[in-house]
Amino acid sequence: MNNIAVIGTGYVGLVSGACFSEFGRRVVCMDVDGQKIENLKNGILPIYEQGLSDIVQKNVRSGRLSFTTDYKFAVESAEVIFIAVGTPPREDGSADLQYVLSAARSIAENMNGYKVIVDKSTVPIGTGQKVKQVISETLKERGESGEYDFDVVSNPEFLREGSALGDFLRPDRIVIGSESERAAGIMREVYRALYINNHPFVFTNIETAEMIKYASNAFLATKITFVNEIANLCEAVGADVKHVSKAVGLDKRVGRYFLHAGAGYGGSCFPKDTSALVSIGDDCGVNMSVVRSVIKANDAQKLRMVDKIIGGMGDVCGRTIAILGLAFKPETDDMREAPALTLISELNKRGAKLKVYDPVAMGFARKHYFDDIDELSYAGDEYDAMEGADAAVLVTEWNQFRTLDFARMGRIMRGNYFFDLRNVYEPAHVESKGFKYFGVGR
Ligand code: NAD
């Protein structure tokens, strides 16, 4: 039985570690953030992800899952070491590999035998070879280059925040990029629970595995952006994008997922991964023109939502706007690149007063965002946000925003503008309650 170490306890590392322990593996999760590890030891999770707390607690109790800041302990106790640290975008859009390479160095400094070092972070093509080089050089510095054998594997992660556990435990596919039969066999063993259940595996080389992740995310970002553009045209010609999406998506060659028009994609992956792919193309002399256009169109879509609100209300200066939802999508507290950020910043620049509410991202918002926004207040719930507001803007389609009480809103709001940036409601229903309805592409 291979013991596992996971380096980095963010969305990917913590979910992976918890799920591997759920598969019956002994797992140690390691992070350089001492506070995060201290909290985890006390049962406090750094992220919101449904069901995660339960499986973390269960596996900690069973002794299969533990947390540490000690590289030596993590590396020595494991045969398979996953790198799941962040790869944020640099100023020029390329992926910043400093955390991945620093993790690789720390692993090599503490190696005490054969290890499989698995890159789970999303990394540019060629990073696996860089990781290999850093490890070899570090072992050489230690004077132990011939001493310890190791293999580097690429195993990109496809989980979605908000449904991360289900995605990890029942994945569409598992991609393993490896140059060694031995490492591929160990990876098959690590994922044995899924392998015996016939989940599809793709065994390939390291570069292809790295490419698969970027190609997947860029395709999904393109699909969303395509339907957003169709939505914009629908508005101009009097068509309804919801019906267009449904009918187009019923074509099996297209598929119905990721065809919902809205405020533009956000989150910690699509924006940075599309930028990184363009940058990788530039480095190789390949113009990634489709992805480049997607990035531009998505930025424009977020701003288009601002224009929609201003166009609908006339002037927003001095008016109060309730923002329902801050997270980039429901069931997560992640606000990285969320459309709400563009909306809030742009509306604030134009003199609007914002009242914001999100079911789980409020703590995150207070801690990391909006210090520079005057005239922003945090509400206790969605109705508190809408109390006295001139307009309500549904930005994130949390379930509790899907059954709003428009009669109550009519009583507590000052104005009657309702901007449904996720097309949750039927226009006729909202209008029948005395509201002016603005959706996307209808
Ligand atoms: P995150 O920012 O939530 O967490 C990264 C963690 O790594 C942090 O806790 C940080 O303290 C730790 N860390 C940084 N440097 C370290 C080091 N040298 N040693 C040990 N720990 C270190 O990141 P995330 O969202 O989990 O993403 C991790 C990677 O997975 C990224 O490459 C991302 O693109 C990819 N990914 C993310 C998702 C997602 O939904 N978030 C999905 C698939 C893939």
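### Side note on the overall build of the chain
If you tally the helices and strands in the chain, you get 18 helices and 14 strands. The C-alpha atoms of the chain give a radius of gyration of 24 Å, which matches the 22 Å a tight globule of 442 residues would have. Taken along its principal axes, the extent of the C-alpha atoms in the chain is 75 × 45 × 40 Å. Here the chain holds 442 residues, and 54% of them are scored as buried. Counting contacts in the chain only where the partners sit at least 6 residues apart, residues at least 24 apart contribute 73% of the total. When the accessible surface of the chain is totalled, it reaches about 19,300 Å², and 49% of it is carbon and sulfur. Of the side-chain charges in the chain, 52 are positive and 59 negative, and the distance between the mean point of each set is 5 Å.

### Structural notes on the pattern of salt bridges
Any two side chains of opposite charge can pair, given that their charged atoms come close. Following the criterion strictly, the structure yields 19 salt bridges and no others. Arg 160 is the salt-bridge partner of Asp 167, the closest N and O atoms lying 2.7 Å from each other. Assessed through its relative accessible area of 14%, Asp 167 is described here as buried. With a closest N to O distance of 2.8 Å, Asp 390 and Arg 414 form a salt bridge. A residue pair is termed long-range when its members are at least 10 positions apart, and Asp 390 in the loop between helix H16 (382–386) and strand S12 (391–394) and Arg 414 in the loop between helix H17 (406–412) and strand S13 (417–420) qualify at 24 residues. Here Arg 414 falls in the exposed class, since its relative accessible area comes to 57%. Each of Glu 235, Arg 304 and Lys 308 takes part in salt bridges that share partners, so that together they form one network.

### Focus: the domain arrangement of the chain
Reports of interface size often rely on the accessible area that becomes lost once the parts have come together. Per the domain assignment, the segments of the chain are domain 1 (4–204) and domain 2 (270–438). Centre-to-centre, using C-alpha coordinates, domain 1 lies 34 Å away from domain 2. Every contact between the two is made by 17 residues of domain 1 and, on the other side, 15 residues of domain 2. The junction of domain 1 with domain 2 conceals about 1,200 Å² of combined surface from both sides, 54% of it contributed by carbon and sulfur atoms. Where domain 1 packs against domain 2, one counts 0 salt bridges. Applying the counting rule to domain 1 against domain 2 returns 7 residue pairs in polar contact (both at pLDDT 80 or more).

### A short note on the packing of helix H6 (residues 127–141) against helix H10 (residues 206–237)
It is at 8 Å that the axes of H6 and H10 come closest, and there the two elements cross at 130°. The orientation of H6 with respect to H10, classified from their angle, is oblique. Of the residues in H10, those touching H6 at Thr 127, Gly 128 and Gln 129 are Ile 206, Glu 207 and Glu 210. Per-class residue counts for the contact of H6 with H10 are 1 nonpolar, 3 polar and 2 charged.

### A few points about the nonpolar core
Within the largest apolar cluster, 64 residues are counted, with the highest numbers of intra-cluster contacts made by Ile 321, Leu 326 and Phe 418. It is helix H14 (residues 339–349) that provides the largest number of residues to this core, a total of 5 residues. In this structure Phe 418 touches Ala 392, Leu 394, Leu 404, Phe 406, Met 409, Tyr 425, Val 430, Phe 435, Lys 436, Tyr 437 and Phe 438, once residues within four positions along its chain are discounted.

### Concerning helix H5 (residues 98–109)
For H5, spanning 12 residues, the distance from its first C-alpha to its last is 16 Å, which sits close to the expected 16 Å at 1.5 Å a residue. Residues Val 100, Leu 101, Ala 103, Ala 104, Ser 106, Ile 107 and Ala 108 constitute the buried set of H5. Here the buried face of H5 lies against strand S1 (4–7), helix H4 (71–76), strand S4 (80–83), strand S5 (115–119) and H6.

### Things to note about the site of the ligand
In the neighbourhood of the ligand, 29 residues make up the surrounding shell, with Asp 31, Lys 36, Tyr 71, Thr 87 and Lys 272 lying closest. Note that an oxygen atom of the ligand is positioned 2.9 Å from one of the backbone N or O atoms of Thr 122. Going through the elements one at a time, helix H1 (11–22) and H5 are the ones with two or more residues in the shell around the ligand. Ranked by residue count, the leading element in the shell around the ligand is H5, at 3 residues. Residue composition of the shell around the ligand, grouped by class: 12 nonpolar, 9 polar and 8 charged.

### Quick notes on the sheet that holds strand S8 (residues 201–204)
Pairing within the open sheet is mixed, and its 8 strands lie in the order S3-S2-S1-S4-S5-S6-S7-S8. Each edge of the open sheet is held by one strand with a lone partner, namely strand S3 (65–68) and S8. Here the average twist between neighbouring strands, direction ignored, is 20°. Pairing between strand S6 (residues 150–154) and strand S7 (residues 174–178): 2 bridges, direction antiparallel. Its bridge partner lying in S7, Val 153 is registered against Ser 178. Across the sheet, helix H2 (residues 34–41) is in contact with strand S2 (27–30) and S3; its angle to S3 comes to roughly 150°.

### Remarks on the packing of H10 against helix H12 (residues 270–284)
Interhelical geometry of H10 versus H12 gives an angle of 115° and a closest axis separation of 9 Å. Like other packed secondary-structure pairs, H10 and H12 cross with a definite hand, here left-handed. Note on element contacts: H12 touches H10 through Phe 270, Asp 273, Thr 274, Ala 276, Leu 277 and Ile 280, opposite Met 211, Lys 213, Tyr 214, Asn 217, Ala 218, Leu 220, Ala 221 and Ile 224.

### Observations concerning the side chain of Lys 213
Mapped onto the secondary structure, Lys 213 falls in helix H10. Here Lys 213 is buried and forms no salt bridge, its nearest opposite-charge partner Asp 273 lying at an N-O distance of 5.0 Å. Setting aside residues up to four positions removed in sequence, Lys 213 forms contacts with Thr 122, Pro 156, Glu 157, Phe 158 and Asp 273.

### Looking at the sheet that holds S12
With parallel pairing, 6 strands are arranged side by side in an open sheet as S11-S10-S9-S12-S13-S14. Only two strands of the sheet have a single partner each, and these edge strands are strand S11 (376–378) and strand S14 (436–438). Between one strand axis and the next, the sheet turns by 20° as a mean value, whatever way the strands run. By the bridge criterion, 4 bridges tie S12 to S13 in an arrangement that is parallel. Within the sheet, the bridge partner assigned to Ala 392 lies in S13 and is Phe 418. Packed on one face of the sheet, helix H13 (residues 289–313) meets strand S9 (320–324), S12, S13 and S14 and runs near 160° to S13. Lying over the sheet, H14 contacts S9, strand S10 (353–357), S11 and S12, oriented at roughly 160° with respect to S10.

Conventions used here
Residues numbered from 1 in each chain as written. Predicted model: local features only at pLDDT ≥ 70, side-chain atom pairs only at ≥ 80, totals over all residues. Heavy atoms only, no water. Helix = DSSP H or I, 4+ residues; strand = E, 2+ residues; numbered from the N terminus. Rg over C-alpha atoms; globule rule 2.2 N^0.38 Å. Buried < 20%, exposed > 50% of the residue type's maximum accessible area, 1.4 Å probe, protein only. Contact = heavy atoms within 4.5 Å. Areas by Shrake-Rupley, 256 points an atom, 1.4 Å probe, with all protein chains shown as cover. Lys, Arg positive; Asp, Glu negative; His and termini not counted. Charge placed at Lys NZ, Arg CZ, Asp CG, Glu CD. Salt bridge = Lys/Arg side-chain N within 4 Å of Asp/Glu carboxyl O. Domains from an automatic or database assignment. Buried area = accessible area lost by both parts, 1.4 Å probe. Polar contact = N/O pair within 3.5 Å; in protein donor to acceptor, adjacent residues only side chain to side chain. Axes fitted to C-alpha atoms, helices over the stretch in contact; angles between N-to-C directions. Parallel < 35°, antiparallel > 145°, perpendicular 65-115°, else oblique. Nonpolar A, V, L, I, M, F, W, Y, C, P; charged D, E, K, R; others polar. Core = buried A, V, L, I, M, F, W, Y, C linked by side-chain atoms within 4.5 Å. Expected span 1.5 Å × (residues − 1). Near = heavy atom within 4 Å. Pairing = 2+ DSSP bridges. Left-handed = near helix turned anticlockwise from the far one by under 90°.

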